[in-house]
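# Reading the structure
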Amino acid sequence: MGGFPILSLMLLVPLAGAIACLKLQAQAARTVALTATLIDLALGILLWLNFDVGGAQWQFQERHAVFSSFSYALGIDGIALLLIVLSVFLMPVCIGASWTSVTKRVGEYMAAFLLMETLMIGVFASQDLFLFYIMFEAGLIPMYLIIGVWGGDNRIYASYKFFLYTLLGSVVMLVAMLWMANTAGTTDIPTLMAYDFSPQAQTWLWLAFFASFAVKMPMYPVHTWLPDAHVQAPTAGSIILAGVLLKMGGYGFIRFSLPMFPDASAQFAPLVFALSMIAVVVTSLIALVQHDMKKLIAYSSVAHMAIVTLGLFAFNVQGLEGSMLVMLSHGLVSGALFLCVGVIYDRLHTREISRYGGLAINMPRYALFFLLFTMGSIGLPGTSGFVGEFLSLGGIYQVSTWVALVGTTGIILGAAYMLYLYRRVVFGEQKNADAAAMPDLTLREYLMMIPLGLAVLWMGVYPESFIAPMRQDIAALDARLARVKPAYDGKLIVGKGAPLAHEEAHGEGGHN
């Protein structure tokens, strides 16, 4: 690619589209939004194809000094690459999902989504501390508007709750960033990732960043904004919220908390484990008793994100790679599940599970896609969900057998609530005539479902294509965390040096 500023172009395309949409009529705004997201998707594919796996850690770098301690600095490693590709992959689906369901203020709605795309890519591509913060916080605004203007009946409450929760955590993070920039004398993220802050300072800095990332993930007990936001958001809002915005918290842990504050990360790992274990079990049980499809999937998101935090704080390669794969898989699968809910909501205008039933009879193709994404959510081998969860739990097992055991119950409970949901919606007798009369997927819905389905299968069958770009970056992070790794709690070998004694016996036999 030479010196071609592809990352700046990827920021500029949706931003220009957003400005254009504000001036256009409804149909023209839809067309411009779809075109802009497809161009960005093409650029994202180009970015992936030109990424040098095994090459320099930071690629496609751009740097322009704005003023003394702030620069417009972009660049990506393999971790950022995968999250950017996920973002640009889901955005055309969001525009397609809103094609007929959004009828008021269409230009502003499309502009909000395109602005969000710019900010999401900006978060993952930023290499300056304050540029990251601006992108990270500004992403709140379009999402707040999407929920507050185009959401359900209780949208104002949900949008305020979403905004306040996420903003309050981030104010503390800004204070920490100012202190870091002053102490280290730089706002360059790659430099800060290798900078050694004092252990005392790390404790406070870690807590300040945790306040923001824990809400964004969202971790228990600051997860309560998520079900409300999902239920009130339009379908496309839920897809992008679950697909990408939740991943910003995980990205924050990988990019800031773990490499910049390794001592504090080790110190607080038991806290993260405790909160994540509670989240896995409690939110899975809450999901089991939901009557609203969106709420059920929202609570399942909290449980899946808890597996991510468990893997991240296992401090080993399997845990870190597994967490990244769970984030990517969850982005695809939860986005697809919200799309499945949106498809039948557009026909019947209710998300009550009891209003459906027997859809396999009149919507067999829909039932097939819904089954694929349900299996992806459960983590069936051959789907994207399996690889990440297997690696994450394998990584956690190397640290704590008990934490791994509790984490695994989340997968069992996940199978329970997802299969229970699927059985009630798709199988059984058709009790309601209006649900029985619903037509199967339209061409537009096929065009959204098929790429998601193929991606879920591709990731499940050939995960190496997703692990390869980030392997070097995960190894670098693992090396940074090596000195603070916890000891394994397993007591599988009884007696001191049992294997060595066995080997010595063989050795002695050889000498004789």
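## A word on the overall build of the protein chain
- Check the secondary structure of the protein chain and you find 23 helices and two strands.
- Against the compact-globule benchmark of 24 Å for 512 residues, the protein chain has a radius of gyration of 23 Å, which places it among compact chains.
- Along the first, second and third principal axes, the C-alpha set of the protein chain runs to 85 × 60 × 40 Å.
- Counting across all 512 residues of the protein chain, residues that qualify as buried make up 60%.
- Intrachain contacts of the protein chain at a sequence separation of at least 6 include 82% that bridge at least 24 residues.
- Accessible surface, the protein chain as shown: approximately 19,500 Å² in total, 68% of it carbon and sulfur.
- Placing the 26 positive and 29 negative side-chain charges of the protein chain at their respective mean positions leaves the two points 10 Å apart.

## Points about the confidence of the model for the protein chain
- Per-residue pLDDT for the protein chain has a mean of 86; in total, 95% of the residues score no lower than 70.
- Model confidence for the protein chain, summarised as mean pLDDT per element, is weakest for helix 23 (residues 498-511) at 43 and strongest for helix 17 (residues 364-378) at 92.
- pLDDT under 50 marks residues 497-512. Its contacts with residues more than four places away, or in other chains, come to two contacts.

## Focus on the nonpolar core
- In terms of nonpolar packing, the biggest core is built from 188 residues, with I76, I240, F313, Y366, F373 and V425 touching the most fellow members.
- Ranked by the residues each element gives to this core, the list is headed by helix 15 (residues 317-348), at 17 residues.
- Beyond its immediate stretch of four places on either side in the chain, I240 contacts L90, M91, C94, F113, M116, M120, M143 and L245.

## Section: a nonpolar patch on the surface
- On the surface, a nonpolar cluster with roughly 330 Å² of combined accessible area is contributed by L12, L15, I19 and L115.
- Residue position: I19 is located in helix 1 (residues 6-23).

## Points about the state of the cysteines
- Tallied over the full model, the rule gives zero disulfides.
- C21 carries a free sulfur, and the closest cysteine sulfur to it, the one in C94, is 14 Å from it.
- Of the cysteine sulfurs around C94, a residue in no disulfide, the closest is that of C340, at 14 Å.
- C94 gets classed as buried once you look at its relative accessible area, which sits at 1%.

## Details of the pattern of salt bridges
- One pass over the structure, following the stated rule, counts eleven salt bridges.
- One salt bridge connects R483 with D263, and the closest N-O pair in it is separated by 3.0 Å. In this pair, R483 is assigned in the loop between helix 22 (464-481) and helix 23 and D263 in helix 13 (residues 262-288), connecting sequence segments 220 residues apart.
- What makes D263 partly exposed here is its relative accessible area of 23%.
- Across the pair D434 and R355 runs a salt bridge whose closest N-O atoms are separated by 2.7 Å.

## Thoughts on the packing of helix 15 against helix 22
- Contact pair helix 15 / helix 22: the axes reach a minimum separation of 9 Å and the direction vectors enclose 135 degrees. One finds that helix 15 runs oblique with respect to helix 22. Crossing angle aside, the handedness with which helix 15 passes helix 22 is right-handed. Within the contact between the two elements, helix 15 uses V317, L320, E321, M324, L325 and L328 and helix 22 uses F466, I467, M470, R471, I474, L477, D478 and L481.
- Looking at side-chain class alone, the contact of helix 15 with helix 22 contains eleven nonpolar, no polar and three charged residues.

## Regarding the packing of aromatic side chains
- By the definition in use, this model includes 32 aromatic pairs.
- Where W458 meets F466, the ring centres are 4.9 Å apart and the plane angle is 55 degrees; that geometry is what we call tilted.
- Of note, K216 hangs over the ring of F136, and the distance from its end group to the ring centre comes to 4.6 Å.

## Some thoughts on the environment of G152
- In this structure, G152 sits in the loop between helix 6 (140-150) and helix 7 (155-184).
- Judged by relative accessible area, which is 24%, G152 ranks as partly exposed.
- Expressed as a C-alpha distance, the spacing of G152 and V461, which sit 309 residues apart in the sequence, is 38 Å.

## A closer look at the environment of L419
- For L419, the location among the structural elements is in helix 19 (residues 401-426).
- In the structure, L419 is positioned 19 residues away from M438 in sequence and 22 Å away in space, judged by C-alpha atoms.
- Ignoring any residue separated from it by four or fewer positions in sequence, one finds L419 in contact with M375 and I378.

## Quick notes on the environment of L245
- You can see L245 is positioned in helix 11 (residues 235-245).
- Linking L245 and I141, residues 104 residues apart in sequence, is a C-alpha distance of 12 Å.
- Residues in contact with L245, not counting those within four places in the same chain, are M116, M120, M143, K216 and I240.

## What about unusual backbone geometry?
- Here M217 and P218 are connected by a cis peptide whose omega angle stands at -5 degrees.
- With an omega dihedral of 5 degrees, the bond running from Y220 to P221 counts as a cis peptide bond.
- With respect to the secondary-structure elements, P221 resides in the loop between helix 9 (199-216) and helix 10 (225-232).
- The backbone of F60 sits at a positive phi, close to 55 degrees, despite the residue not being glycine.
- Topologically, F60 is positioned in strand 1 (residues 59-67).
- Even without being a glycine, R105 presents a positive backbone phi close to 50 degrees.
- Looking at where R105 falls in the secondary structure, it is placed in the loop between helix 3 (78-97) and helix 4 (106-125).

Cut-offs used in this document
The residue numbering used here restarts from 1 in each chain and proceeds along that chain's sequence as written. In view of the model being predicted, local features appear only for residues whose pLDDT reaches at least 70, and side-chain atom pairs are presented and counted only at 80 or more, with totals across whole chains, interfaces and linings using the full set of residues. For the side-chain quantities, the full set of heavy atoms in the structure was used; hydrogens and water were omitted. Helix and strand labels come from DSSP, where a helix needs a run of H or I of at least four residues and a strand needs a run of E of at least two; each type is numbered from the N terminus. C-alpha atoms define the radius of gyration, and 2.2 Å times the number of residues to the power 0.38 defines the globule rule. For the exposure calls, accessible area comes from a 1.4 Å probe over protein chains only, and a residue counts as buried if that area is under 20% of its type's maximum, exposed if over 50%, partly exposed in between. The contact definition used throughout considers only heavy atoms, calling two residues in contact when any of these lie within 4.5 Å. Computed with a 1.4 Å probe, the accessible areas rest on the Shrake-Rupley method; for each residue, only the protein chains presented here act as cover. Within this scheme the basic residues Lys and Arg register as positive and the acidic residues Asp and Glu register as negative, but His and the chain ends are omitted. Charge coordinates come from a single atom per side chain, which is NZ of Lys, CZ of Arg, CG of Asp or CD of Glu. Along the chain, pLDDT gives the predictor's confidence residue by residue, from 0 to 100. Here, nonpolar core refers to any group of buried Ala, Val, Leu, Ile, Met, Phe, Trp, Tyr and Cys residues whose side-chain atoms link them within 4.5 Å. For patches, a residue must show more than 30% relative accessible area and have no salt bridge; joins then use 9 Å for like charges and 5 Å for nonpolar side chains, namely Val, Leu, Ile, Met, Phe, Trp and Tyr. Throughout this description, the term salt bridge denotes a Lys or Arg side-chain nitrogen within 4 Å of a carboxyl oxygen of Asp or Glu. Note on terminology: disulfide denotes any pair of cysteine sulfur atoms within 2.5 Å. Here an angle of 0 to 180 degrees is reported between the N-to-C directions of two axes, which are lines fitted to C-alpha atoms, with helices fitted over the stretch in contact. The cut-offs work like this: below 35 degrees is roughly parallel, past 145 is roughly antiparallel, 65 to 115 is roughly perpendicular, and the gaps in between are oblique. Left-handed describes a crossing whose near helix is turned anticlockwise from the far helix by less than a right angle; the clockwise case is right-handed. Asp, Glu, Lys and Arg are counted as charged, while Ala, Val, Leu, Ile, Met, Phe, Trp, Tyr, Cys and Pro are counted as nonpolar; the rest, among them Gly, fall into the polar class. Centres within 6.5 Å make a pair out of two Phe, Tyr or Trp rings, where for Trp the six-membered ring is used; the pair is then stacked when the planes are under 30 degrees apart, edge-to-face when over 60, and tilted otherwise. As a reminder, the over-ring test applies to NZ of lysine and CZ of arginine, requiring each to be within 6 Å of the ring centre and within 35 degrees of the ring normal.

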